[in-house]
Amino acid sequence: MIPIISKLPQTPTTIFTVMSALANEVGAINLSQGFPDYECSPILTELVHKAMKDGFNQYAPMPGLLTLREQISHKTEKLYGAVYDPNTEVTITAGGTQAIFTAISAIIHPNDEVIIFEPAYDCYSPTIKLNGGIVKSLELHPPDYRIQWDMVKKLVSNKTRMIILNSPHNPTATILNEEDIKQLTDIVKNRDIIILSDEVYEHLVFDGNQHLSMARYPELQQRSFIVASFGKLFHTTGWKVGYCLAPAYLMQEFRKIHQFNVFSVNTPMQVAAAEYLKDEDSYLSLPDFFQQKRDYFREGLKQSRFDLLPCAGSYFQSVRYQNIADEKDSEFAIRVTKEIGVAAIPVSAFYSRGTDHQVLRFCFAKKQETLDKAIERLIKL
Ligand code: GLN
């Protein structure tokens, strides 16, 4: 073997892959990795099929199909009031994770500091480190996982180059509110801090609340990469299509990287997405659709001994299990998968220090019968 020096020596296989593999191995109901178990609209698959038959089978332009970028720009302006030039400020990506990787790689130089909030989606930290950046993480705690902005202020230094936000938040299902936006604006003002805003669950905000996109606030918008996902929008996580929005000066750097790690994203899916997005109901119906699932799952779990944490957005419901067991969440998640037949994500996997509040995350983007079966099993615990 030729000796190599690992670039990510401490990085294990992502928890999503680990838990989904275990769920498949033991035949458990998989509420771990976040993906729907129901079909997307047949109109959408028909549109892809048509695009293939119509000959859209060669490379799309490097930044993505212009018609799709135009639809995205139109949607963003209508929802959040920001105007993004489809030519220079919208790029189609191979899913949200690639957009995050590319945005971090475009900005972060060795020794630049990046502030993240933990529990954090698991790609942020390794991507920062790969680029030589330094992760400055602030831990959030249950039950409400609010950001302590006075602590953020203490973390900011003249080396802070980026703050990564995620609302609705995976895994904690919290959303940013106006006070958070005010505090954030205050912190970045007069500083060269770029915001990377992971908004892949933008349409999964419940109880009549608004999604506070960075695109709504000109002073934040001008310094933000916003990441979005068609997987969440269309119930097609396996298509791995998403997009990034950013002002032209940031997007120019983003595309320099995008063109060499992806070049362009599959064409027929983009043709279909551009057509499908014309029907605004495709995304305006999502909050109700998912809120029903959230309510149904929460109602069912009320019969269990789990403590339900609040869920304001995303497709995740987290629970505490201190009334049921005392073991570590990673061990408990494995036991529940094997013995009860329901797979979940142990939330400690999203803390770099492995902080364990004995919380599991379940994905409720599932058919009613799947949720019924899962509830039936979980209430036995
Ligand atoms: N976003 C999904 C989740 O949080 C999984 C994404 C992935 O597996 N890479 O479960």
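Residues numbered from 1 in each chain as written. Predicted model: local features only at pLDDT ≥ 70, side-chain atom pairs only at ≥ 80, totals over all residues. Heavy atoms only, no water.

**A short note on the site of the ligand**
Then, in step 1: Around the ligand, a shell composed of Phe 16, Gln 33, Gly 34, Tyr 121, Asn 170, Tyr 201, Phe 316 and Arg 361 is seen.
Then, in step 2: Gln 33 places a polar side-chain atom, nitrogen or oxygen, 2.8 Å from an oxygen atom of the ligand.
Then, in step 3: One of the backbone N or O atoms of Gly 34 is found 2.6 Å from an oxygen atom in the ligand.
Then, in step 4: Relative to its unbound accessible area of 290 Å², the ligand is 81% covered by the protein chains.
Then, in step 5: Residue composition of the shell around the ligand, by class: 4 nonpolar, 3 polar and 1 charged.
Then, in step 6: Per-domain counts for the shell around the ligand show at least three residues from each of domain 1 (15-40 + 284-378) and domain 2 (42-279). (Near = heavy atom within 4 Å. Polar contact = N/O pair within 3.5 Å; in protein donor to acceptor, adjacent residues only side chain to side chain. Areas by Shrake-Rupley, 256 points an atom, 1.4 Å probe, with all protein chains shown as cover. Nonpolar A, V, L, I, M, F, W, Y, C, P; charged D, E, K, R; others polar. Domains from an automatic or database assignment.)

**Some thoughts on the nonpolar core**
Then, in step 1: If you look at the biggest cluster of nonpolar residues, it comprises 125 residues, and the most contacted ones within it are Phe 117, Phe 225 and Phe 362.
Then, in step 2: Residues in contact with Phe 362, not counting those within four places in the same chain, are Leu 31, Phe 297, Phe 306, Tyr 315, Phe 316, Gln 317, Val 319, Val 342, Ala 343, Ala 344 and Leu 378. (Core = buried A, V, L, I, M, F, W, Y, C linked by side-chain atoms within 4.5 Å. Buried < 20%, exposed > 50% of the residue type's maximum accessible area, 1.4 Å probe, protein only. Contact = heavy atoms within 4.5 Å.)

**A few points about the domain arrangement of the protein chain**
Then, in step 1: Split by domain assignment, the protein chain resolves into domain 1 (15-40 + 284-378) and domain 2 (42-279).
Then, in step 2: A C-alpha centroid distance of 25 Å is found between domain 1 and domain 2.
Then, in step 3: Buried area between domain 1 and domain 2, summed over both chains or domains, comes out near 3,000 Å², and the portion from carbon and sulfur atoms is 60%.
Then, in step 4: For the domain 1 face of the interface with domain 2, the top three residues by lost area are Cys 40, Ala 312 and Phe 350, together amounting to 22%.
Then, in step 5: Our count for the domain 1 to domain 2 interface comes out at 2 salt bridges.
Then, in step 6: Among the salt bridges present, the one from Asp 207 reaches Arg 294, with a minimum N-O distance of 2.8 Å.
Then, in step 7: Mapped by element, the contributors of at least two residues to the side of domain 1 that touches domain 2 are helix H1 (15-26), helix H13 (286-301), strand E10 (316-320) and strand E13 (359-363).
Then, in step 8: Among the elements that make up the side of domain 1 that touches domain 2, the one with the highest residue count is H13 (6 residues).
Then, in step 9: Here the residues of the side of domain 1 that touches domain 2 are counted per class, giving 22 nonpolar, 8 polar and 4 charged. (Buried area = accessible area lost by both parts, 1.4 Å probe. Salt bridge = Lys/Arg side-chain N within 4 Å of Asp/Glu carboxyl O. Helix = DSSP H or I, 4+ residues; strand = E, 2+ residues; numbered from the N terminus.)

**Some words on the packing of helix H3 (residues 66-80) against helix H11 (residues 267-276)**
Then, in step 1: In the contact formed by H3 and H11, the axes pass within 8 Å of each other and the chain directions differ by 35°. Handedness of the crossing formed by H3 with H11: left-handed. Facing H3, whose interface residues are Thr 67, Leu 68 and Gln 71, H11 presents Gln 270, Ala 273 and Ala 274.
Then, in step 2: A class-by-class count of the residues in the contact of H3 with H11 yields 3 nonpolar, 3 polar and no charged. (Axes fitted to C-alpha atoms, helices over the stretch in contact; angles between N-to-C directions. Left-handed = near helix turned anticlockwise from the far one by under 90°.)

**What about the packing of aromatic side chains?**
Then, in step 1: With the rule as written, the count across this model stands at 19 aromatic pairs.
Then, in step 2: Ring geometry for Tyr 59 and Phe 263: centres 5.6 Å apart, planes at 85°, overall edge-to-face. Remark: Phe 263 occurs in the loop between helix H10 (248-261) and H11 and Tyr 59 occurs in the loop between helix H2 (42-53) and H3; sequence separation between them is 204 residues.
Then, in step 3: When its relative accessible area of 35% is taken as the criterion, Phe 263 is described as partly exposed.
Then, in step 4: Connected via pairs of aromatic rings, a cluster forms that spans Tyr 38, Tyr 201, Phe 289, Phe 290, Tyr 315 and Phe 316.
Then, in step 5: Sitting above the plane of the Tyr 283 ring, Lys 75 keeps its charged end 5.1 Å from the centroid.
Then, in step 6: In this structure, Lys 366 is placed above the aromatic ring of Phe 35, and the distance from its NZ or CZ to the ring centre is 3.9 Å. (Phe/Tyr/Trp six-rings, centres within 6.5 Å; stacked < 30°, edge-to-face > 60°. Lys NZ or Arg CZ within 6 Å of the ring centre and 35° of its normal.)

**Looking at the pattern of salt bridges**
Then, in step 1: The final tally for this structure, using the stated rule, is 12 salt bridges.
Then, in step 2: Here Asp 295 makes a salt bridge to Arg 294, at a shortest N to O gap of 2.9 Å.
Then, in step 3: Judged by its relative accessible area of 34%, Asp 295 falls in the partly exposed class.
Then, in step 4: One network of salt bridges, in which partners are shared, links Asp 207, Arg 294 and Asp 295.

**Digging into the sheet that holds strand E4 (residues 134-139)**
Then, in step 1: The strand order across the open sheet built from 7 strands is E2-E8-E7-E6-E5-E3-E4, with neighbouring strands paired in mixed fashion. Each edge of the sheet is formed by a strand with only one pairing partner; in this case those strands are strand E2 (90-93) and E4. Across the sheet, the mean angle separating the axes of adjacent strands is 20° when strand polarity is ignored.
Then, in step 2: Of the strand pairs in this sheet, strand E5 (residues 160-166) and strand E6 (residues 194-198) are connected by 5 bridges, and their pairing is parallel. By the bridge assignment for E6, Ile 163 is matched with Ile 195.
Then, in step 3: Its contacts with the sheet put helix H7 (residues 178-188) on E5 and E6, and the angle it makes with E5 is roughly 170°. (Pairing = 2+ DSSP bridges.)

**Notes on the environment of Ile 340**
Then, in step 1: Position of Ile 340 relative to the elements: it lies in helix H14 (residues 329-340).
Then, in step 2: The exposure class assigned to Ile 340 is partly exposed, which follows from its relative accessible area of 22%.
Then, in step 3: For the pair Ile 340 and Met 269, spaced 71 residues apart in sequence, the C-alpha to C-alpha distance is 38 Å.
Then, in step 4: Sequence-distant contacts of Ile 340, defined by excluding residues within four places in its chain, comprise Arg 335, Arg 377, Leu 378 and Leu 381.

**Overview of the state of the cysteines**
Then, in step 1: Counting across every chain of the model gives 0 disulfides.
Then, in step 2: In this structure Cys 123 is not part of a disulfide, and its nearest cysteine sulfur, from Cys 244, lies 13 Å away.
Then, in step 3: Owing to a relative accessible area of 12%, Cys 123 belongs among the buried residues under this scheme.
Then, in step 4: In this structure Cys 311 is a free cysteine whose sulfur lies 10 Å from that of Cys 363, the closest cysteine sulfur available. (Disulfide = S-S within 2.5 Å.)

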